[in-house]
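Survey of secondary and tertiary structure
Below, each chain spelled out in residue letters.
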Amino acid sequence: MSDPFPSSPLFKLSPELRLQIYTHLLTFPTPIHLRQHVPGTPHTALLRTNRQIHHEAQAVLYDSNTISLSRNDFCLFTDPVLQTPVETGQVRQLRFTSFGESLACHVLVERCAVCRDDARGLLETLGAMPVLRSVTIDYSTQIANFMRFRQLAAEGGTLVGLTITCVSVGVYRVRGAGFDQVDFTFSHRPLASIWPDVATLSYSLLSEEEQETVLARLRTQDPDTPDKLWLLLWAAQHGRLPDVLGEQVAGAWVDESSDALAGMSGEQRDDAMHGFTVMLQTFLKAHTAVQCRRVLGLLRDSVGM
Ligand SMILES: [Zn+2]
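For clarity, every value in this text was computed on a predicted model and none was experimentally measured. (Residues numbered from 1 in each chain as written. Predicted model: local features only at pLDDT ≥ 70, side-chain atom pairs only at ≥ 80, totals over all residues. Heavy atoms only, no water.)

**Examining the overall build of the chain**
Threshold: Secondary structure elements follow DSSP: runs of H or I no shorter than four residues count as helices, runs of E no shorter than two count as strands, and numbering proceeds from the N terminus. Should any heavy atoms of two residues lie within 4.5 Å, those residues are considered in contact. Using the Shrake-Rupley algorithm and a 1.4 Å probe, accessible areas are obtained, with residue cover drawn only from the displayed protein chains. Charged residues are defined here as Lys and Arg on the positive side and Asp and Glu on the negative side; His and the ends of the chain fall outside this count. In this description, the location of a charge corresponds to atom NZ of lysine, CZ of arginine, CG of aspartate or CD of glutamate.
Helices and strands together make up the secondary structure of the chain, namely 13 helices and six strands. Structurally, the chain occupies a C-alpha span of about 90 × 50 × 40 Å along its principal axes. Restricting the contact set of the chain to residue pairs at least 6 apart, pairs at least 24 apart contribute 68%. Summed over its atoms, the accessible surface of the chain is roughly 16,400 Å², and 56% of this surface lies on carbon and sulfur atoms. Side chains of the chain give 26 positive and 33 negative charges; the mean places of these two sets differ by 6 Å.

Below you can see the structure in the form of structure tokens.
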């Protein structure tokens, strides 16, 4: 007798083998946008083959990947048609590509609880996600929004119990208010991702030509940030920071390799790293990579290098 509902050949395999296949096909190296076709692969079509495969494969998709969302996807005043269809109960790793309010709330005087400055509605939603283990919010395109949020958390008020600590250049860790089990950070992505490499370069003993090779590689990740940070680190190393930043701003510089930082209390360290991060963010915004390369050339000439 023929089967009236011919099933996928996948079901002739053991569940373990099916799981391996799903994992192979549905694990992506970068955060995924659920609504979008993942570039370079037709594999998510697997999710649309039949109900059981959808169920099994979707669990793997959520377990193995970082899901990319924005505040818009949680906004209470945004039409659901314009939001990413996400199973919040299954998300383990989450990345926000921005910390901006939704388009709908952007034009309102009274924004929804998710899009307000204290983002309380967003924190409540994230706090209620049962298997959530990590959240990263890239605030680099809305620095003012994040700084207001950080200020509100420091004041207590509606965000009582939440602490936000600057743990490294461009990276802030969120603790308390139910998030102690979640690796929850805000980061200025270009700064946080490029800084460690350029700082390492400044401590290295590479020739100018070798340094240029490293910078060229970093420029493929981000066309502007490496040259801007390189100017600052080069100037710091050669005692020329005040020439670039002005005497007063240069005072906010933190030498991460110095013992001074290790000897500070948690609060002092947060203050110092936050001040340093704000200074770097301001510098990145105020100058172009071309300007920075030119200034570095002048400085090199002036010290005869
Ligand atoms: Zn909203």
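Having seen the structure, we can now continue with the description.
**A look at the environment of Gly 127**
Tracing the chain through its elements places Gly 127 in helix H4 (residues 120–127). Here the alpha-carbon distance between Gly 127 and Phe 179, two residues 52 residues apart in the chain, equals 6.8 Å.

**A word on the confidence of the model for the chain**
Where we set the bar: What pLDDT conveys is the predictor's confidence in a given residue, as a value from 0 to 100.
Residues of the chain with pLDDT of at least 70 account for 94%, and the chain-wide mean is 88. In the model, residues 1–5 has pLDDT below 50 throughout and makes zero contacts with residues more than four positions away in sequence or in other chains.

**Some details on the coordination of the zinc ion**
Spelled out, the test is: Water is not part of the atom set, so a site may look incomplete; the donors themselves are N, O and S atoms within 2.8 Å of the metal, or 3.2 Å for Na, K and Ca. When four donors show all angles between 85 and 135 degrees the site is tetrahedral, when four or six donors have opposite pairs over 155 degrees and all other angles between 65 and 115 it is square planar or octahedral respectively, and in every other case it is irregular. Relative accessibility under 20% of the residue-type maximum defines a buried residue, over 50% an exposed one, and the middle range a partly exposed one, all with a 1.4 Å probe and only protein chains included.
Around the zinc ion, the protein contributes the donor atoms Cys 75 (SG), Cys 105 (SG), Cys 112 (SG) and Cys 115 (SG), at 2.3 Å from the metal centre. Classification of the site at the zinc ion as tetrahedral follows from its four donor atoms and the range of 106 to 114° in their angles at the metal. Linear spacing of the donor residues for the zinc ion on their chain is C-x29-C-x6-C-x2-C. Residue Cys 75 is found in the loop between strand S1 (66–69) and strand S2 (93–96), and its partner Cys 115 is found in the loop between helix H3 (103–106) and H4; the two are separated by 40 residues along the sequence. Owing to a relative accessible area of 0%, Cys 115 belongs among the buried residues under this scheme.

**So, helix H8 (residues 225–237)**
So the rule is basically this: To estimate the expected span of a helix, count its residues, drop one, and scale the result by 1.5 Å.
A rise of 1.5 Å per residue sets the reference length of H8, with its 13 residues, at 18 Å; its end C-alpha atoms lie 18 Å apart and thus fit the reference within 8%. The buried fraction of H8 is high, at 11 of 13 residues. Residues of H8 that are buried sit in contact with helix H6 (189–203), helix H7 (208–221), helix H9 (241–245), helix H12 (266–286) and helix H13 (289–303). Positive backbone phi, at 65°, marks Gly 239, one or two positions downstream of H8.

**Considering the pattern of salt bridges**
Just so we agree on the cut-off: In the sections that follow, a salt bridge refers to a side-chain nitrogen of Lys or Arg positioned within 4 Å of a carboxyl oxygen of Asp or Glu.
Per the counting criterion, the structure on display carries 11 salt bridges. The partner of Arg 150 in a salt bridge is Asp 270, with the nearest N and O atoms 3.9 Å apart. Linking Arg 150 in helix H5 (residues 143–154) with Asp 270 in helix H12, this pair joins segments that are 120 residues apart in sequence. No difference in accessibility class separates Arg 150 from Asp 270, as the two residues are buried.

**Some remarks on helix H2 (residues 51–64)**
Here H2 contains 14 residues, and its C-alpha end-to-end distance of 20 Å stays within 8% of the 20 Å for a straight helix at 1.5 Å per residue. When H2 is considered as a whole, its buried residues turn out to be Ile 53, Glu 56, Ala 57, Gln 58, Val 60, Leu 61 and Tyr 62. Close packing links the buried residues of H2 with helix H1 (15–26) and S1.

**Brief notes about the packing of H5 against H12**
In helix packing, the relevant descriptors are the interaxial angle and the interaxial distance, both defined with respect to the helix axes. This is how it is decided: Think of each axis as a best-fit line through the C-alpha atoms, taken over the contacting stretch in the case of a helix, with angles from 0 to 180 degrees between the N-to-C directions. With respect to orientation, any angle under 35 degrees is reported as roughly parallel, any angle over 145 as roughly antiparallel, any angle of 65 to 115 as roughly perpendicular, and every other angle as oblique. Put simply, a crossing is left-handed when the front helix is turned counterclockwise from the back one by less than a right angle, and right-handed when it is turned clockwise. Here the nonpolar group is Ala, Val, Leu, Ile, Met, Phe, Trp, Tyr, Cys and Pro; Asp, Glu, Lys and Arg are the charged ones; every other residue, Gly included, is treated as polar.
Packing of H5 against H12 leaves a shortest axis separation of 13 Å and a crossing angle of 160°. Relative to H12, the element H5 is oriented roughly antiparallel. By crossing handedness, the relation of H5 to H12 is classed as left-handed. Facing Ile 143, Met 147 and Arg 150 of H5, the residues of H12 in contact are Asp 270, His 274, Val 278 and Gln 281. Grouping the constituent residues of the contact of H5 with H12 by class yields three nonpolar, two polar and two charged.

**Description of the sheet that holds strand S3 (residues 134–138)**
Our working definition: Only when DSSP finds a minimum of two bridges between them are two strands counted as paired.
Spatially, six strands are ordered S1-S2-S3-S6-S5-S4 in an open sheet, and the strand pairing comes out mixed. Both edges of this open sheet fall to S1 and strand S4 (163–168), since each of them pairs with a single strand only. Adjacent strand axes in the sheet meet at a mean angle of 25°, parallel and antiparallel pairs treated alike. Relative to S2, S1 runs parallel, the two sharing four bridges.

**Comments concerning unusual backbone geometry**
In this structure, Ala 119 takes a positive phi of about 50° despite not being glycine. Topologically, Ala 119 is positioned in the loop between H3 and H4.

**Looking at a nonpolar patch on the surface**
Our working rule: To count toward a patch, a residue needs a relative accessible area over 30% and no salt bridge; like charges are then connected within 9 Å, while nonpolar side chains (Val, Leu, Ile, Met, Phe, Trp, Tyr) are connected within 5 Å.
A surface patch of nonpolar side chains, amounting to about 410 Å² of accessible area, comprises Leu 76, Phe 77, Val 107 and Leu 108. As for its position among the elements, Phe 77 is in the loop between S1 and S2.

**With respect to the packing of aromatic side chains**
Using the following cut-off: Two rings from Phe, Tyr or Trp (for Trp, the six-membered ring) form a pair when their centres are within 6.5 Å of each other. A pair whose planes differ by under 30 degrees is stacked, one over 60 is edge-to-face, and the rest are tilted.
Here the structure, examined in full by the defined rule, presents 13 aromatic pairs. Ring geometry for Phe 146 versus Tyr 172: centroids 4.9 Å apart, planes at 65°, classification edge-to-face. Here Phe 146 is found in helix H5, whereas its partner Tyr 172 is found in strand S5 (residues 171–175), with 26 residues between them in sequence. Taking the relative accessible area as the measure of exposure, Phe 146 reaches 0% and is therefore buried. According to the relative accessible area criterion, Tyr 172 is buried, its value standing at 0%.

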